[in-house]
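Coordinates in review
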Amino acid sequence: MRLIILVISLLFCGAIVAQSTLNLVPWPAELKQSEGAYIIKSRLTLRSDFPNWDKQPLFNYLKNELQKYYGINISKAAKGQKADVQILMRRMPGSGKQ
C-alpha cells in the first residue's frame, strides 16, 4: 500500500516539474540595457473612455498632481480628438458588473 502511494506521489511530482519547465512565451535572445530617457512634454492632452469622465474627480486629481510634482500641464482632449495619453477602462472577464 505504501509503495502505491509512493509511486502515485512521484508521478504527481514529476507532472508538476514537467509543467513548470514549459516556456510557451518566447524570451528574447539577447537583452541590453543602455542609458536613455523618455521625455514627457510639458503640455499633454488626456482622453478617457470612463463613463461620466467629465463628472469624475480623477482628471482633476491627475492634473493637480502632475502640475504640482512635475510641472506638467494636462488638458482634456475633445471627444474624437487625438490625445497624447489615453486612459482606457478594461475589465477582466467575470470580474463583476460590466
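Here we summarise the structure given alongside this text. (Residues numbered from 1 in each chain as written. Predicted model: local features only at pLDDT ≥ 70, side-chain atom pairs only at ≥ 80, totals over all residues. Heavy atoms only, no water.)

As for the pattern of salt bridges
Across all of its chains, the model carries two salt bridges by this definition. The salt bridge involving Lys32 is made with Glu30; its shortest N-O contact spans 3.6 Å. Judged on exposure class, the residue Lys32 and its partner Glu30 are both exposed. Ionic pairing is found between Asp84 and Lys41, a salt bridge with its closest N-O pair at 3.0 Å. Highlighted residues: Asp84 in the loop between β2 (73-76) and β3 (85-87) and Lys41 in the loop between α1 (2-20) and β1 (43-48), separated in sequence by 43 residues. (Salt bridge = Lys/Arg side-chain N within 4 Å of Asp/Glu carboxyl O. Buried < 20%, exposed > 50% of the residue type's maximum accessible area, 1.4 Å probe, protein only. Helix = DSSP H or I, 4+ residues; strand = E, 2+ residues; numbered from the N terminus.)

A closer look at the sheet that holds β2
Pairing in this open sheet of three strands is parallel, and the strands run β2-β1-β3 from one edge to the other. Edge positions in the open sheet fall to β2 and β3, since each of these has one partner strand only. With direction set aside, neighbouring strand axes in the sheet form an average angle of 30 degrees. Pairing analysis gives four bridges linking β1 to β2, with the strands arranged parallel. Bridge pairing in β2 places Arg43 opposite Asn73. Helix-sheet contacts for helix α2 (residues 58-70) involve β1, β2 and β3, and the interaxial angle to β2 is about 160 degrees. (Pairing = 2+ DSSP bridges. Axes fitted to C-alpha atoms, helices over the stretch in contact; angles between N-to-C directions. Contact = heavy atoms within 4.5 Å.)

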